[in-house]
Amino acid sequence: MQLTHTPRVALVTGAGRGIGKAIAEQLAADGHTVICVSKNPASCGGVADAILAAGGKAVAKAVDVSDGAAVAAACEEILKEYGCVDILVNNAGITKDGLMMRMSEDDWADVISTNLSSAFFWIKGLMRPMTKKRWGRIVNISSVVGVQGNAGQTNYASAKAGMIGLTKSLAKEFSTRNITVNAVAPGFITTDMTAVLPEEVQQKIKSVIPLARFGAPEDIASTVDFLCSENAGYITGQVFSVDGGMAM
Ligand code: NAP
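Residues numbered from 1 in each chain as written. Predicted model: local features only at pLDDT ≥ 70, side-chain atom pairs only at ≥ 80, totals over all residues. Heavy atoms only, no water.

A. The arrangement of the site of the ligand in detail. Around the ligand, the surrounding shell holds 30 residues, and the nearest of these are N40, S43, N91, Y156 and T191. Residue S38 places a side-chain N or O atom 3.2 Å away from an oxygen atom belonging to the ligand. Between V63 and the ligand, the recorded distance is 3.3 Å, taken from a backbone N or O atom to a nitrogen atom. Within the complex, 94% of the 900 Å² of free accessible area of the ligand lies under protein. Secondary structure elements with two or more residues in the shell around the ligand: α1 (18-29), α6 (154-174) and α7 (192-195). Residues belonging to the shell around the ligand are distributed by class as follows: eleven nonpolar, 14 polar and five charged. (Near = heavy atom within 4 Å. Polar contact = N/O pair within 3.5 Å; in protein donor to acceptor, adjacent residues only side chain to side chain. Areas by Shrake-Rupley, 256 points an atom, 1.4 Å probe, with all protein chains shown as cover. Helix = DSSP H or I, 4+ residues; strand = E, 2+ residues; numbered from the N terminus. Nonpolar A, V, L, I, M, F, W, Y, C, P; charged D, E, K, R; others polar.)

Structure representation (structure tokens):
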């Protein structure tokens, strides 16, 4: 089956590296105009430049997604320029791991605000024209850890499980507006986020992945791409595990 894409305006958070970069590049390859958001202007700028150099349409926007006021200001600017963002991918995320006994309130709050509240901020800032247009796609990046939990990641797992609750509730709220809201729950994907794991930890993780390897950012991008296509208009409120079989 060939996927159908009508050129639209897409915004991807955390588009500077890893999974978000692969998603931004895939959406641009589909013909969408992609607003690449990351914290560091050099990383989203580099991705937007590469998309432009490849003949796509992209713009970079450096925004701290954990800062509600900064996101609201960015949304206002974006809507002034583009009128409507049709596709929103909430992908930005961080880890600040530690056992609960040692986890500081700051490490809890930073992960919740960057990984979960950020999605609330972007949706609040961009939803009005999307609901008026009666077409939209929202994809929230969760994690296998949000589905299964993980020792040492209570902050991260709570944020990622929160993304699932947000997705399912919003799918119900937006269903009459022809806006689909879905989540993708990656397993272990080769990016900067997992590169920090010691080799023996990586081997241990691989031993519990049925496909016995980490995924690539493109594995997540292709699922997001499908969910953002015209073909996926009858799918909403779902969580797609892309994890080599971990959450079976
Ligand atoms: P990554 O390589 O570390 O990249 C994270 C991206 O998020 C970067 O572009 C970074 O911006 C951006 N970001 C972080 N904090 C931000 C903030 N406050 N404001 C704006 N942008 C911010 O991560 P990844 O592995 O691609 O992960 C992407 C998403 O998938 C995350 O939500 C992660 O939790 C989720 N996930 C990853 C895995 C995995 O195994 N890798 C598994 C499950 C879920 P800069 O480039 O400017 O620093």
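B. Examining the sheet that holds strand β3 (residues 57-62) more closely. What the seven strands build is an open sheet, ordered β3-β2-β1-β4-β5-β6-β7; its pairing is parallel. Of all the strands in the sheet, just β3 and β7 (239-242) have a single pairing partner and so form its edges. Each strand of the sheet is rotated relative to its neighbour by a mean of 15°, with strand direction disregarded. Pairing geometry for strand β5 (residues 136-141) and strand β6 (residues 179-186), over six bridges, is parallel. By the bridge assignment for β6, R137 is matched with T180. (Pairing = 2+ DSSP bridges. Axes fitted to C-alpha atoms, helices over the stretch in contact; angles between N-to-C directions.)

C. The packing of α1 against helix α9 (residues 217-228), seen in detail. Relative orientation of the contacting elements α1 and α9 amounts to 45°, with a least axis distance of 8 Å. When the axis of α1 is compared with that of α9, the two are oblique. Seen along the crossing, α1 lies across α9 with a hand that is right-handed. Facing G18, I19, A22, I23, Q26 and L27 of α1, the residues of α9 in contact are P217, E218, I220, A221, V224, D225 and C228. Among the residues making up the contact of α1 with α9, the classes are represented as nine nonpolar, two polar and two charged. (Parallel < 35°, antiparallel > 145°, perpendicular 65-115°, else oblique. Left-handed = near helix turned anticlockwise from the far one by under 90°. Contact = heavy atoms within 4.5 Å.)

This is a description of form; function is not addressed.
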